[in-house]
Number of protein chains: 2
Amino acid sequence: MSPTAAPLRLSTTSADFEAQFAARLHWSADTDSAIEQRVADILADVQQRGDTAVLAYTERFDGLSVDSLKTLELTQSELKAAFDGLPTAQRNALESAARRVRSYHEAQKKASGESWSYRDEDGTLLGQKVTPLDRVGIYVPGGKAAYPSSVLMNAIPAHVAGVAEIIMVVPTPRGEKNPLVLAAAYVAGVTRAFTIGGAQAVAALAYGTATVPKVDKITGPGNAYVASAKKRVFGTVGIDMIAGPSEILVLADGSTPAEWVAMDLFSQAEHDELAQSILLCPDAAYIEAVQAAIDRLLPTMPRAAIIARSLNDRGALIQTRNMEEACAISNRIAPEHLEVSSAEPHRWEPLLKHAGAIFLGAYTSESLGDYCAGPNHVLPTSGTARFSSPLGVYDFQKRSSLIEVSAAGAQTLGTIAAELAYGEGLQAHARAAEMRLNDVPPMRVAK
Amino acid sequence: MSPTAAPLRLSTTSADFEAQFAARLHWSADTDSAIEQRVADILADVQQRGDTAVLAYTERFDGLSVDSLKTLELTQSELKAAFDGLPTAQRNALESAARRVRSYHEAQKKASGESWSYRDEDGTLLGQKVTPLDRVGIYVPGGKAAYPSSVLMNAIPAHVAGVAEIIMVVPTPRGEKNPLVLAAAYVAGVTRAFTIGGAQAVAALAYGTATVPKVDKITGPGNAYVASAKKRVFGTVGIDMIAGPSEILVLADGSTPAEWVAMDLFSQAEHDELAQSILLCPDAAYIEAVQAAIDRLLPTMPRAAIIARSLNDRGALIQTRNMEEACAISNRIAPEHLEVSSAEPHRWEPLLKHAGAIFLGAYTSESLGDYCAGPNHVLPTSGTARFSSPLGVYDFQKRSSLIEVSAAGAQTLGTIAAELAYGEGLQAHARAAEMRLNDVPPMRVAK
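This one's a predicted model, so the numbers in the text were calculated from it and none came from an experiment. (Residues numbered from 1 in each chain as written. Chains lettered and ligands numbered in written order. Predicted model: local features only at pLDDT ≥ 70, side-chain atom pairs only at ≥ 80, totals over all residues. Heavy atoms only, no water.)

Residue and element names in this part refer to chain B. Here strand 5 (residues 135-139) lies mainly inside the structure; four of its five residues are buried. Direction of pairing for strand 5 relative to strand 6 (residues 165-169): parallel, over a ladder of five bridges. Among the inter-strand pairings, Y139 is bridged to a residue of strand 6, identified as V169. The sheet contact formed by strand 5 and strand 8 (residues 217-219) spans three bridges and is parallel. Paired with I138 across the bridge in strand 8 is T219. (Buried < 20%, exposed > 50% of the residue type's maximum accessible area, 1.4 Å probe, protein only. Helix = DSSP H or I, 4+ residues; strand = E, 2+ residues; numbered from the N terminus. Pairing = 2+ DSSP bridges.)

Cysteine pairs can be linked by a disulfide, which is a covalent bond between their two sulfur atoms. Residue and element names in this part refer to chain A. Applying the stated criterion across every chain, the model contains zero disulfides over all chains. C281 takes part in no disulfide bond, and the closest cysteine sulfur to it belongs to C327, at a distance of 12 Å. On the basis of relative accessible area, C327 is assigned to the buried category, the value being 1%. (Disulfide = S-S within 2.5 Å.)

Attention now goes to the sheet that holds strand 8 (residues 217-219) of chain A. All names here are of chain A. The strand order across the open sheet formed by six strands is 2-7-6-5-8-9, and the pairing between neighbours is mixed. Two strands in the sheet have a free side with no partner beyond their single neighbour: strand 2 (73-74) and strand 9 (238-239). The pairing of strand 6 (residues 165-169) with strand 7 (residues 192-194) spans three bridges and is classified as parallel. When the sheet's bridge partners are listed, I167 is paired in strand 7 with R192.

Our focus in this paragraph is the environment of R347 of chain B. Among the secondary structure elements, R347 of chain B is positioned in helix 14 (residues 345-348). As for R347 of chain B and E324 of chain B, which are separated by 23 residues in sequence, their C-alpha atoms are 10.0 Å apart.

All right, on to the UniProt feature "binding site: Zn(2+)" (unreviewed entry) in chain A then. Residues and elements named next belong to chain A. When the UniProt feature table is mapped to this numbering, "binding site: Zn(2+)" (unreviewed entry) covers Q268, H271, D370 and H429. Considering the C-alpha atoms alone, the annotated residues occupy 162 residues of sequence and remain spread out, their largest mutual distance being 56.0 Å. Summarising the element assignment, Q268 is placed in helix 10 (residues 258-269). Not counting residues within four places of it along the chain, the set of residues in contact with Q268 comprises S246, E247, I248, A275, Q276, S277, E336, H337 and E366. Its place among the elements puts D370 in helix 15 (residues 366-371). (UniProt positions renumbered as here; feature names shortened; annotations may be inferred. Contact = heavy atoms within 4.5 Å.)

Turning to helix 11 (residues 284-297) of chain B, a few remarks are in order. Structurally, the α-helix is built with 3.6 residues per turn, so residues lying three or four positions apart point the same way. Residues and elements named next belong to chain B. For helix 11, spanning 14 residues, the distance from its first C-alpha to its last is 20 Å, which sits close to the expected 20 Å at 1.5 Å a residue. For helix 11, the complete set of buried residues consists of Y286, I287, V290, Q291, A293, I294 and L297. The arc enclosing the buried residues of helix 11, seen along the axis, measures out at 155 degrees, which places them on a common side. For helix 11, the elements touching its buried residues are strand 1 (8-11), strand 10 (247-252), helix 10 (258-269), strand 11 (276-281), helix 12 (304-314) and strand 12 (316-319). (Expected span 1.5 Å × (residues − 1). Arc of directions from axis to C-beta.)

Our next topic: the environment of G238 of chain A. With respect to the helices, strands and loops of the structure, G238 of chain A is situated in strand 9. Remark: the alpha-carbon pair of G238 of chain A and K80 of chain A, spanning 158 residues in sequence, is separated by 30 Å. Look past the residues within four positions of G238 of chain A in its chain and what remains in contact with it is D216, K217 and I218 of chain A together with F387 of chain B.

Mapped onto this structure's residue numbering, the UniProt feature "binding site: substrate" (unreviewed entry) falls at S246, Q268, H271, H337, D370, E424 and H429 of chain A. Spanning 184 residues, the annotated positions stay apart in the fold, the maximum distance between their C-alpha atoms being 56.0 Å. Residue position: H337 of chain A is located in strand 13 (residues 337-341). Once residues lying within four places of it in the same chain are set aside, the contact partners of H337 of chain A are S246, E247, I248, L249, Q268, A357, F359, E366, D370 and L379 of chain A. Engagement of the side chain of H337 of chain A in a polar contact is seen with the backbone oxygen of E247 of chain A, the distance being 2.8 Å. Look at D370 of chain A and you get buried, because its relative accessible area is 7%. Excluding residues within four positions of it along the chain, D370 of chain A makes contact with S149, M153, H337 and H377 of chain A together with H429 of chain B. (Polar contact = N/O pair within 3.5 Å; in protein donor to acceptor, adjacent residues only side chain to side chain.)

It is worth spelling out the interface of chain B and chain A at this point. Across the contact, 123 residues belong to chain B and 123 residues belong to chain A. Roughly 10,700 Å² is buried in total at the junction of chain B and chain A, and carbon and sulfur atoms are behind 61% of that figure. A per-residue breakdown of the area chain B buries against chain A is headed by Y371, F387 and R436 of chain B, which together make up 8% of the total. The interface formed by chain B and chain A includes twelve salt bridges. Of the charged contacts, one joins D216 of chain B and R386 of chain A as a salt bridge, the two residues approaching to 2.7 Å between their closest N and O atoms. Summed over the shared surface of chain B and chain A, the number is 67 residue pairs in polar contact (both at pLDDT 80 or more). With 13 residues, helix 5 (residues 88-112) of chain B is the single largest residue contributor to the side of chain B that touches chain A. (Buried area = accessible area lost by both parts, 1.4 Å probe. Salt bridge = Lys/Arg side-chain N within 4 Å of Asp/Glu carboxyl O.)

All names here are of chain A. On domain assignment, one finds that chain A holds domain 1 (8-29 + 244-373) and domain 2 (33-114 + 134-240). A combined buried area of about 530 Å² lies between domain 1 and domain 2, and 48% of that area is made up of carbon and sulfur atoms. The interface formed by domain 1 and domain 2 holds zero salt bridges in total. There are two residue pairs in polar contact (both at pLDDT 80 or more) connecting domain 1 and domain 2. Taken together, the residues of the side of domain 1 that touches domain 2 break down into three nonpolar, two polar and one charged. (Domains from an automatic or database assignment. Nonpolar A, V, L, I, M, F, W, Y, C, P; charged D, E, K, R; others polar.)

Residue and element names in this part refer to chain B. Within the open sheet, the six strands sit side by side as 2-7-6-5-8-9. Their pairing is mixed. Here the strands that pair on one side only, and so sit at the sheet edges, are strand 2 (73-74) and strand 9 (238-239). Looking at chain direction, strand 8 and strand 9 are connected through two bridges and run parallel. Bridge pairing links K217 to G238 in strand 9. Sitting on the sheet, helix 8 (residues 198-207) touches strand 5, strand 6 and strand 8, and the angle it makes with strand 5 is about 175 degrees. (Axes fitted to C-alpha atoms, helices over the stretch in contact; angles between N-to-C directions.)

It is worth spelling out the relation of the copies chain B and chain A at this point. Of the two same-sequence chains, chain B is brought onto chain A (RMSD 0.0 Å, axial shift 0.0 Å) by a rotation of 180 degrees. Between the two chains, the operation in question is that of a two-fold axis. When C-alpha distances to the rotation axis are compared across chain B, the minimum falls at S112 of chain B, with a value of 2.1 Å. Mapped onto chain A, 100% of the interface residues of chain B again fall at the interface, so both copies present the same surface. (Least-squares fit on C-alpha atoms with pLDDT ≥ 70 in both.)

This brings us to unusual backbone geometry. A positive phi is found at A334 of chain A, a non-glycine position, where the angle reads about 50 degrees. Here A334 of chain A lies in the loop between helix 13 (323-333) and strand 13. Positive phi, normally seen in glycine, also occurs at R174 of chain B, with a value near 55 degrees. Inspection of the secondary structure puts R174 of chain B in the loop between strand 6 and helix 7 (179-188). Judged by its relative accessible area of 61%, R174 of chain B falls in the exposed class.

All right, on to helix 2 (residues 33-49) of chain B then. Between its first and last C-alpha atoms helix 2 of chain B spans 24 Å; for 17 residues at 1.5 Å apiece the expected length is 24 Å, and the two agree. Of the positions making up helix 2 of chain B, those classed as buried are I35, E36, V39, A40, I42, L43, D45 and V46 of chain B. Residues of helix 2 of chain B that are buried in the fold lie against helix 9 (224-233) of chain A together with helix 3 (51-62), helix 8 and helix 9 (224-233) of chain B. G50 of chain B lies just past helix 2 of chain B and shows a positive phi near 55 degrees.

By the definition in use, this model includes 46 salt bridges over all chains. We note a salt bridge from R49 of chain A to D45 of chain A, for which the minimum N-O separation is 2.8 Å. Here D45 of chain A and R49 of chain A lie together in helix 2 (residues 33-49), a separation of four residues that amounts to about one turn. The structure contains a network of salt bridges with shared partners spanning D134 and D216 of chain A together with K353 and R386 of chain B.

This is the structure we're talking about:
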C-alpha cells in the first residue's frame, strides 16, 4: 500500500490555533546526556592519545581497520580521479554550481568583508582590518546524508575568504567512498582530506594529532555526536551553528501552480522524517489544490515513505486571514527556507524579518538555492534565524580593530579615559592615559 | 614590604626558548565539571519554575530577598537619577566616551553591515538583507569587575545595529548598586534592567520568565558560572565569545618612553592575577629600562599586589632577534590587545595577522581603547583572535539570503540543480527544479 500524506490543517481563525500551532512547531534541541558523556570521553581520549585514539574509534564506529592514520588521507590525485571519472553531465553541473557559488561569495566579500578605516578631526586613525582564518576544518557527513553540494557550500566561502588550508573530514563506513563528494572536494579546492568522522574527527581537527593538523574553526553538519563534539570544542576553535532538522515555509497567494508548491514541500520532507514543511496561505481553495497535488504526486516519489512521515508528523497547511498575517506568522517561525510564492514577492519581502534564505517568486524553488543559485545552503534552522545568518565568507574571516591615536588625540582621549578609569578603580589604566598628556597631572587615588 | 615584579626574561636565541615560552603561555579553558553540573541544574530549574527559581538563587547567591522579581527591575528614572547624581567630570566623560563609541560603530555598520543585492545577466536577483536582532540581553558582572565601560561597549553596538530592546542584567550582591553602571545603562540606551546575575540570570534571558523577557542573544563577560551557562544555552539563543583572562602584548622598538610601556603592562596586570602582560623587543638595553621603570612605578600603584602577582606568574619580557621575529611571535600568541609601540607602526602592522585590537604608535595606550577611542573593548582572548573578532554591530545583526530566479534563470539553474539532486538521490529536489523548465523532462530514477 502506498503511503498517503495529509499535513495538519489549521486556520488562524480557530479558537485552538495557538495551541495547535505551538504543538506542531515544538522541537527540542536538548542533547542526550549519555551522548554528551560519550563525546566528552572521546574528545579527552583523542586529545591525549592522538592518532591512536582516532584509529581505534574509526575501527569501532566505521568498521575501518588500518595501521596508520596516514592511510586514511585522500590524495589530491584521488580527488581528481573521482572528478574525472564522473559522467560529463555531472561534472559540468558540479563546475557550474561551483562557479555560481563562488561568484556570489565574491560579491559578499566585497559588500561586507573588506578592511576599512578613517581618521577623525584630530588625526586619530580608527578602523578594522579583515583577515582570513589560517586553517579550517570542514565536516562532511557520510552515509545517507553525504551531499557533494555541502562540500561546495562549506569549502568555497572559505576559499573566497582566502583561507590557506581547508581540511575536509568525511567518514567512509566500511571504506565506501562517495565519488561525488570526492569530486566536489576537488572542484571546491579542498587542501587535504581524511576519511574519518564522528566526534573523533572533530577532536582531531580541534586539538590536532600527529597526522591531522589543528584547525582554527570547524564548520559543517553532522549527527548528534558531531553536534555535541562541536559544541564542546567551541572556544578552543570556532564553530558554525549547530544545525537542527531542515525546514521550509511557503507563503502562497495562490498564483503559483499548486504542483510546484507541493513538490517544494516534498523537497524538504524527503530529507528526513523530522524535516518540517509548512504552507501559509489565505486561500482555502488553493490549500485544497495543494493537498490534491500532494495526493497525486506522492505515489511517483521514490522517497514517498519518508515524505509522508514528515508531512504527517510535522507538516502543516495553514489558512491565514490574509498575506500580512502569513508574514507575521512566518516571523514567529523564523524559518530556514522561506518561499514567497506570490505574484508580488517584493510587496511581502519587506515584512519578513527572520529567515535563513528568502526565495522570491514562483520560479525560485528552494532546490535551485540548495544547489546552484549562488547563496549558501548552510542556513540557520529551528528558529535560530532570529539571531544567526547563512554560512558565508564572514565565517572564515576575523576582524582586528585598528587604533592610532595622534599626539593631539591623546590629550582629549587621555582626560576622558583617566576619568573613567579612576571611576572604575583602575589606577594603572588612568596613569597610562595621563602619562601621555602634555601636562601630566599628579596621580589621584582611585575610588 | 612592598611587592616586587620581575616578569620572566626570555630570549629567542636561548636553546630552551620554545619550552619556556609554551609553559608561560599555557592557560586552560577547561571548565570544572562540578560547575557544569550545578549550572545545568540551575538552568533546568529556571526553565521549569521561572521567576520563583530566579528569586531563590538570587537570595542564595546574592543575599537579596524579595517577594517578586518585579522588585528587582530598575526603572528608567532610577537609571537617570544615577546619571544625574554623578560628579560633572564623570558625567561628561561617560557621555564623551559614549559619543565616540557610537560614532565608530556607526562607521562599522556602514562599512560592513548594510543590505546588498545584484542581478546577474539572466535577470536573477541575488543578495543579502541585513536586519537587527529583535531583543538582546547584556550581562554585566557585579562586584569587583562591575565596569560601566562594559555597559557602553555591549549596549551601544546593539543600539547602533537597531536592536529594539536591550535587556541588562547585573547582580547586586546584598543590594549594593554601582551608580556608574546604572548611569552607563542610561547613557547607552538600555531598555530594561534587572538586578540579577549568575547562571540564573542567563537562564532567565535565554528561556524567558513571567517577568524577564526571552532574548535572542546574550553578550557580556562573567565568571565561570556565567560562562558555563552561556555555553550551555548556545543554540537556544546566540552568545558572544567565552572570555578568558585578559592579555596585552607590546611590540617595542625602543622608541617609546620606558615608563609608558611599563604602565601599559601594569594596566593589563591590574585586572587580575591571571591577566598576562608580555613585552617583545629586540633591544636588550630597552628591556632593562622597562624593568627599571617597573621597579620604580610599582610602589606607587594601589593595586601593586595584583600587578606583581600577575607579572611574576604570567608576565614575560622577551628579547627577539629583530622586529620581524617579534611580529611572527605575536601571530603565534594572537593576543587580545597588541600595542605596536614603534616609531614606524605602519611598517609592522601588515605583518600582524591575528589580534583583537592593534594599537599603533607610542600615544596609543591600550587604556584609551578600553574607554573612549571608539572601537569595542570586548575582544577575543586566549588566542581566539585566530578565529574571532571584536564585539561589533555585526553581532547584533543577522543576514537573510535573497534569491529571485527569473523565468529565464530557472531554465539554466533548473538543469544544473536537477543533475546534482539526482546525483544525491533527492528526487523531489530534482523534480521541483524540473517542473519549472519550459520543457519538463520525464522523471529520472535517482541513483
